[in-house]
Amino acid sequence: MNYFVYVDGILGVKTNEKEFPWSYGTVAPESTKEKFDECKIKINVDVRHSNDVFGADINLDKMGKYHYFSANRKENKVYYERNFFGKSKLRYSIEINGNEINVIVGKNYMKYVKHRIMGLHSMSYTLTDITAGLLLKNGIATIHCSAVNEDNQSIIIFAPPNTGKTLTSIQLCKDHNFKFIAEDFALTDGENVWAVPWTSTFRYYDDINESKVDTIVNKITSVLPIMELISVKKNKSIDTYLGEDSIKHFSRATDIVVLERGKSDIERDKAEGLRKLINLNKYEFNYHKAPSIVVMDYFNEGFSPEAMYDTEKKILNKLIDNCNYVSISEEDALNYANVVLREVVEKKR
């Protein structure tokens, strides 16, 4: 078995695969069973390389049906089966037992379903949705942000996609010696922030890549976005660029920044800030309508996406209440870091 820890003490995966890239981390280094056992939420992914996915004692015909799903009422387990090529099937089962997620998935599903397309959701996307929901049941929200730390100040940066939150966090780390927390995802309970450091969307920025090959690939991707779906190079982790001691894994959240494009402006209305945080998280996360969660909720009332969403809003409300808040508008994304230093960091010194 292989073990990967994506958030220290919070989220780990055990799998018979050599890697498990997903939204919570595409470049996580291999960990240990001891570190995995320390995690609050544990995910077990068993990829079957035979047709034995459900087991001989499972009879889907005797279960309740929901499109391609089957399940028994009052059980936190669903089965997915769909015709593939010829007599082959796409199959998986997911069981939620407390804070443990157990997945058995056929090799065809893992090999051929890589994205969200035509009603099919890859296992990585499916588990992202379920994990986000399970974290919320534990009072922890996944937030779509970048984040950095300097001494006792942890700054969480939100922005619409492609605005500059990743670039800003990288600039603060490379040019101003901040500790790295996140560049795409982080976790919060409304008071603290946990690093989700093993994502790698920063690889598309030329100023952090030293390789000429990486720079060329980034240029091609900007012209042909479809290249993002094709693995053409080995992704690297953030500590490769910033150093092994560059990550701040846990800290108290102190500041929230929202970045926007437009005429230079500063705004500090927390009510407006909360509205934006809720909106930006809703854009990124799909657990509200994720098929696996909707079906789980249909057969068992204990896994309600509406309750999860209410919890997320309460956590975001608590977060913005506990933090200083500023919205920064700039026409040039390269200016954000300097404005963050001026309006957030220097004002506390």
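Residues numbered from 1 in each chain as written. Predicted model: local features only at pLDDT ≥ 70, side-chain atom pairs only at ≥ 80, totals over all residues. Heavy atoms only, no water.

**Describing helix H4 (residues 165–176)**
Point 1. Relative to the 16 Å expected for twelve residues at 1.5 Å per residue, H4 spans 16 Å between its end C-alpha atoms, a close match to the ideal helical length.
Point 2. Here H4 lies mainly inside the structure; nine of its twelve residues are buried.
Point 3. Among the residues of H4, those classed as buried are Lys165, Thr166, Leu167, Thr168, Ser169, Ile170, Gln171, Leu172 and Cys173. (Helix = DSSP H or I, 4+ residues; strand = E, 2+ residues; numbered from the N terminus. Expected span 1.5 Å × (residues − 1). Buried < 20%, exposed > 50% of the residue type's maximum accessible area, 1.4 Å probe, protein only.)

**Description of the sheet that holds strand E14 (residues 192–195)**
Point 1. The strand order across the open sheet built from four strands is E9-E13-E14-E15, with neighbouring strands paired in antiparallel fashion. In this open sheet, the two edge strands, each paired with only one partner strand, are strand E9 (141–144) and strand E15 (250–252). When strand polarity is set aside, the average angle formed by the axes of neighbouring strands in this sheet is 30 degrees. (Pairing = 2+ DSSP bridges. Axes fitted to C-alpha atoms, helices over the stretch in contact; angles between N-to-C directions.)

**Some words on the environment of Ser70**
Point 1. Following the sequence through the fold, Ser70 ends up in strand E5 (residues 69–71).
Point 2. Once the C-alpha coordinates of Ser70 and Ser93 are considered, the two residues, 23 residues apart in sequence, prove to be 9.4 Å apart.
Point 3. Every residue in contact with Ser70, bar those within four places of it in the chain, is listed here: Leu60, Met63, Gly64, Lys65, Val78 and Tyr79.
Point 4. Only 3.0 Å separates the side chain of Ser70 from the side chain of Lys65, close enough to count as a polar contact. (Contact = heavy atoms within 4.5 Å. Polar contact = N/O pair within 3.5 Å; in protein donor to acceptor, adjacent residues only side chain to side chain.)

**What about the pairing of strand E8 (residues 100–106)?**
Point 1. Sheet analysis places strand E3 (residues 41–48) next to E8, joined by seven bridges and oriented parallel. In the strand pairing of E8, Val47 is matched with Val105.
Point 2. Pairing of strand E7 (residues 89–97) with E8, which is carried by six bridges, proceeds in the antiparallel orientation. Its bridge partner being in E8, Tyr92 is matched across the sheet by Val105.
Point 3. Counted between consecutive antiparallel strands, the loop separating E7 from E8 contains two residues, among which Gly98 sits at a positive phi close to 65 degrees.

**Concerning the packing of helix H7 (residues 270–284) against helix H9 (residues 305–322)**
The relative placement of two packed helices comes down to the angle between their axes together with the axis-to-axis distance.
Point 1. Their axes nearest at 10 Å, the elements H7 and H9 cross at an angle of 140 degrees. When the axis of H7 is compared with that of H9, the two are oblique. At the point where H7 passes H9, the crossing takes the right-handed sense. Facing H7, whose interface residues are Lys270, Gly273, Leu274, Leu277, Ile278, Asn281 and Lys282, H9 presents Tyr309, Glu312, Lys313, Leu316, Asn317, Ile320 and Asp321.
Point 2. When the residues that make up the contact of H7 with H9 are grouped by side-chain class, the tally is six nonpolar, three polar and five charged. (Parallel < 35°, antiparallel > 145°, perpendicular 65-115°, else oblique. Left-handed = near helix turned anticlockwise from the far one by under 90°. Nonpolar A, V, L, I, M, F, W, Y, C, P; charged D, E, K, R; others polar.)

**Considering the sheet that holds strand E4 (residues 64–66)**
Strand pairing within a sheet occurs via backbone hydrogen bonds; the two strands may be parallel or antiparallel.
Point 1. The sheet built from eight strands is open, its strands ordered E1-E2-E3-E8-E7-E6-E5-E4 with mixed pairing. The open sheet terminates on both sides in strands that have one partner only, identified here as strand E1 (2–7) and E4. Taking each pair of neighbouring strands and ignoring which way they run, the sheet shows an average axis angle of 20 degrees.
Point 2. In the packing of helix H8 (residues 291–299) onto the sheet, the strands contacted are E4, E5, strand E6 (77–83) and E7, and the crossing angle to E4 comes to about 145 degrees.

**What to know about the domain arrangement of the protein**
Point 1. Taken domain by domain, the protein comprises domain 1 (2–140) and domain 2 (142–348).
Point 2. Here the C-alpha centre of domain 2 lies 25 Å away from the C-alpha centre of domain 1.
Point 3. Interface area for domain 1 against domain 2, summed over the two sides, is near 3400 Å², with a carbon-plus-sulfur share of 70%.
Point 4. The three residues of domain 1 that bury the most area against domain 2 are Val27, Tyr66 and Leu136, which together make up 19% of that side's buried surface.
Point 5. Here domain 1 and domain 2 share zero salt bridges between them.
Point 6. On the surface where domain 1 and domain 2 come into contact, there are eight residue pairs in polar contact (both at pLDDT 80 or more).
Point 7. For the side of domain 1 that touches domain 2, the secondary structure elements donating two or more residues are E1, E4, E5, E6, E7 and helix H3 (123–137).
Point 8. If one sorts the elements of the side of domain 1 that touches domain 2 by residue count, H3 sits on top with nine residues. (Domains from an automatic or database assignment. Buried area = accessible area lost by both parts, 1.4 Å probe. Salt bridge = Lys/Arg side-chain N within 4 Å of Asp/Glu carboxyl O.)

**Here's the deal with the nonpolar core**
Point 1. Counting residues in each nonpolar core, the largest one holds 101 residues, and the members touching the most others are Tyr24 and Phe158.
Point 2. For this core, the domains that each give at least three residues are domain 1 (2–140) and domain 2 (142–348).
Point 3. Once residues within four sequence positions are removed from consideration, Tyr24 is found in contact with Tyr6, Leu11, Thr128, Thr131, Ala132, Leu135, Thr142, Phe185, Leu187, Val196 and Thr199.
Point 4. Phe54, Leu60, Met63 and Tyr79 belong to the second-largest nonpolar core, a separate cluster that totals five residues. (Core = buried A, V, L, I, M, F, W, Y, C linked by side-chain atoms within 4.5 Å.)

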